[in-house]
Amino acid sequence: MAASAPSPRALELARTLVGFNTVSAHSNLALIHCIRDELARLGVKSRLSYNADRTKANLFATLGEGKPAGVILSGHTDTVPWDGQAWSVDPLGGVVRDGRLYGRGAADMKGFIATAVAHAKLFLESDAPFAVHFAFSYDEEIGCFGVRELIADLRDAGIRPLACIVGEPTSMVPAIAHKGVYRYRCCVRGKEAHSSLTPRSVNAIEMAARVVGRVRDMAERFEREEPRYEGFDVPFSTASVGQFHGGIADNVVPRDAEFRYEFRDLPTADARAMQQQVVEYAQSLEPAMQRVAPETGFRFETICEIPSFLGSADDDVTRLALRLAGEQRTTLVAFGTEAGLFKNAGIPTVVCGPGSIEQAHQPDEYVSLEQLMRCEAFMHGLARSNSLA
Ligand SMILES: [Zn+2]
């Protein structure tokens, strides 16, 4: 019989998780401890791996200890902030209304995490020939930083999961690819002078602008020349400058300028090579700058490097997700996830979770109860699976 509402346990837990303020700038420890204690009541031990100052943690737990290897259910515990957004409900209130659970993180991605944890007992008692692992990370929204520690911890502990399902909101349609997100900052040091004496100066804004122009040229080249990858909204890699700062007055040649830019590379492209082109172009400008003032030049910083993800419709984990979700087709998503990091660690991965990315990061974020029910059915199917495909 089809359920008409999510189980009270899963919904209650989802409301509880939404109630923790886990904006990436905050600690997520209260939420992590809540899940750890929940699992401890079932006799399940959690591995926590921390950030450098131990204010945030990842949680990894295995349900079905002793079984050969398992399927990871992966989610990030942090959320984006809601400053300046017009919400009609309390972002931390966990309001259930009109068939929806509202709150920051309801779709992205506490609904998925809560549904997984609410089924821990089912996974423990399951006859499935594989374990189920929970992998809940911190700092995904600001660059997928936490999960890198988690994956390193698994490697050090000799834990080799068979597959990974990342529960980002895909409306429960398995997604097998997304682009990467690579963000950099470029700081330009010039030499200031009165603007009537330009030959004795190095204009940081003008030098920065040349490099910005190069980023733009690259973006136009991707659009013109890159082999298309159909299925993405924009079927080629993109490049974009998001911030530019510099200058102090109209009559001062600026000493400093800074800009930030990003590449979103197709799974078939290589963002690091793109960045290398930018760095080499900047370096080609430096000799002329340094003839005027030796201290001038460019400095690059990495803000985040989230690799693209490319799974396959033929992977066992994709077939498993299709079967459990009752879907025939796979999809691509436009946003970055932790999937590429799991895949690059040798773990076949698919992205599939409740709710829509349309609601993520928005005011009045919600996940529909119908989506949570579909996610529950997915969990039940996983616990009943007798094989991985
Ligand atoms: Zn997310």
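This section reports on the structure supplied with the text. (Residues numbered from 1 in each chain as written. Predicted model: local features only at pLDDT ≥ 70, side-chain atom pairs only at ≥ 80, totals over all residues. Heavy atoms only, no water.)

### Here we look at the packing of helix α3 (residues 106-118) against helix α10 (residues 369-384)
As a reminder of what qualifies: In this analysis, axes come from line fits to C-alpha atoms, helices being fitted only over the stretch in contact, and the angle between any two N-to-C directions falls in the range 0 to 180 degrees. The way it works is that DSSP assigns letters per residue, a run of H or I at least four long becomes a helix, a run of E at least two long becomes a strand, and they are numbered from the N terminus. Roughly parallel covers angles under 35 degrees, roughly antiparallel covers those over 145, roughly perpendicular covers 65 to 115, and oblique covers all other angles. For any helix crossing, the convention is left-handed if the near helix is rotated counterclockwise from the far helix by under a right angle, and right-handed if that rotation is clockwise. Every residue pair with non-hydrogen atoms within 4.5 Å of one another is taken to be in contact. Classification convention: Asp, Glu, Lys, Arg as charged; Ala, Val, Leu, Ile, Met, Phe, Trp, Tyr, Cys, Pro as nonpolar; all other residues, Gly among them, as polar.
Relative orientation of the contacting elements α3 and α10 amounts to 40 degrees, with a least axis distance of 10 Å. What the angle tells us is that α3 and α10 run oblique. Note that α3 runs across α10; the crossing there is right-handed. Within the contact between the two elements, α3 uses G111, F112, T115 and A116 and α10 uses L372, C375, E376 and M379. Broken down by class, the residue content of the contact of α3 with α10 amounts to 5 nonpolar, 2 polar and 1 charged.

### Points about helix α8 (residues 316-325)
As a reminder, the rule being used: Only protein chains enter the accessibility calculation, which uses a 1.4 Å probe; a residue is then buried when its area is under 20% of its type maximum, exposed when over 50%, and partly exposed in between.
Summarising burial for α8: 7 of the 10 residues are buried, a large majority. Every buried residue of α8 is accounted for by V317, T318, L320, A321, L322, L324 and A325. The elements touched by buried residues of α8 are β7 (163-166), β16 (349-351) and α10. Phi for G326, located one or two positions after α8, is positive at around 65 degrees.

### Considering the environment of A57
One can find A57 in strand β2 (residues 57-63). Considered as a pair, A57 and G167 are 110 residues apart in the sequence and their alpha carbons are 19 Å apart. The contacts of A57, once residues within four sequence positions are left out, are N28, L29, I32, L48, S49, Y50, F136 and Y138.

### Here we look at the pattern of salt bridges
Applicable threshold: Within this document, salt bridges are pairs made up of a side-chain nitrogen of Lys or Arg and a carboxyl oxygen of Asp or Glu, the two lying within 4 Å of each other.
Tallying each qualifying case throughout the model produces 20 salt bridges. Of the charged contacts in the structure, one is a salt bridge between D37 and R36, with a shortest N-O distance of 3.2 Å. Given a relative accessible area of 35%, D37 falls into the partly exposed group. Judged by relative accessible area, R36 falls into the partly exposed class, the value being 32%. Salt bridges linked by common partners bring R185, E258, R299 and E301 together as one network.

### Here we look at the sheet that holds strand β13 (residues 256-264)
Spelled out, the test is: Two strands qualify as a pair provided DSSP detects at least 2 bridges between them.
A sheet is described by the order of its strands in space; here 4 strands give the open sequence β11-β13-β9-β14, paired in antiparallel fashion. Two strands in the sheet have a free side with no partner beyond their single neighbour: β11 (238-246) and β14 (297-306). Taking the axes of each pair of neighbouring strands and ignoring which way they run, one obtains an average angle of 15 degrees across the sheet. Across 8 bridges, strand β9 (residues 181-189) lies against β13 in antiparallel orientation. Each bridged residue has a counterpart across the sheet, and for Y182 the counterpart in β13 is F263. Across the sheet, helix α7 (residues 271-292) lies against β9, β13 and β14, angled at about 170 degrees from β14, the strand it touches most.

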